[in-house]
Amino acid sequence: MRTRADELRTAFDRDFAAASRPPEPAHSDFLCIRVGDEPSAIPLGDIASLHADLPIVAVPTRAPELLGVAAIRAAVVPIYDLAAAFGIASTGPARWTVLLRGGAAGFAFEGHDGHARIPDRSIATAAQRGHVRGQFLLGGQPRSVVDLGSVLTAIETRWHHGGTKKEQ
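Since the model is a prediction, treat every value here as computed from it, not as a measurement.

**Points about the pattern of salt bridges**
So, point 1. This model, assessed by the stated rule, comprises nine salt bridges.
So, point 2. Residues Glu-7 and Arg-4 are paired through a salt bridge, measuring 3.7 Å at the closest nitrogen-oxygen approach. Linking Glu-7 with Arg-4, this pair stays in helix α1 (residues 4-17), spanning three residues, or about one helical turn.
So, point 3. Its relative accessible area of 39% is what places Glu-7 among the partly exposed residues.
So, point 4. Asp-113 is paired through a salt bridge with Arg-143; the nearest N and O atoms lie 2.9 Å apart. Note that Asp-113 is positioned in strand β8 (residues 111-119) and Arg-143 in strand β10 (residues 141-146), a separation of 30 residues in sequence.
So, point 5. Put simply, Arg-34, Asp-113 and Arg-143 are held in one network by salt bridges that share partners.

Written out as structure tokens, the structure is:
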């Protein structure tokens, strides 16, 4: 007669002897967006929060990419237009805004296409070109991976070194 201990031992031995499954492929998660007509993506790890129709207060500036400031979680944050930062034509109002992790700035864009989980092996990571640090295909359509930190650095560098004393 088999005891409960014998059944558990047999089950343990059977499971232990079974071949282990291969590890899940590494992947990265992205927020899929549209900047002008350009399908793009932002790594979720770069984003602190996503906002729709965020109230933005315009401020006087010569910086074409600065839309204004917004109050997010008790902080006043500059909000930049990604289309203007990229030098491309906007296709409509920038309805969506992401707050950069760390809260240094927000970036507004026209469209939000959802979330994508992409296997790392499917992401082309060529040498960084401009504010793009890679590309992947989603639904047969290429999407550029945007480096928001690079965008912010370029804006700050341009205006801190080339702006007027009043804007610095």
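From this point, the narrative continues.
**Thoughts on the layout of surface pockets**
So, point 1. Roughly 210 Å³ of volume is contained in the second largest pocket.
So, point 2. Taken together, 10 residues make up the lining of the second largest pocket; nearest its centre are Glu-38, Ser-40, Phe-86, Val-132 and Ser-144.
So, point 3. Listed by contribution, the elements that provide at least two residues to the lining of the second largest pocket are β2 (38-43) and β10.
So, point 4. If one sorts the elements of the lining of the second largest pocket by residue count, β2 sits on top with three residues.
So, point 5. Partitioned by chemical class, the residues of the lining of the second largest pocket number five nonpolar, three polar and two charged.

The rules behind each value
- Residue positions are given per chain, counted from 1 along the sequence in the order it is written.
- It should be noted that, the model being predicted, local features are given only for residues of pLDDT at least 70 and side-chain atom pairs only at 80 or more, the latter also being counted only at that level, while totals for whole chains, interfaces and linings use all residues.
- Side-chain numbers come from the whole structure's heavy atoms, not from hydrogens or water.
- Any Lys or Arg side-chain nitrogen found within 4 Å of a carboxyl oxygen on Asp or Glu counts as a salt bridge.
- Strands here mean DSSP runs of E at least two residues long; helices mean DSSP runs of H or I at least four residues long; both are numbered from the N terminus.
- Residue burial is assigned from relative accessible area. The probe radius is 1.4 Å, only protein chains are included, and a residue is buried under 20% of its type maximum, exposed over 50%, and partly exposed in between.
- Note on definitions: the grid is 1 Å and covers protein atoms alone; a cavity is a set of points where a 1.4 Å probe fits but cannot get out; a pocket is an open set with protein on both sides within 12 Å along at least five of seven lines; lining residues have an atom within 4 Å of a point.
- Grid points are joined across faces, edges and corners, and a volume is the space filled by probe spheres set on the points.
- As a working rule, the residues Ala, Val, Leu, Ile, Met, Phe, Trp, Tyr, Cys and Pro are called nonpolar, Asp, Glu, Lys and Arg charged, and the rest polar, with Gly in that last group.

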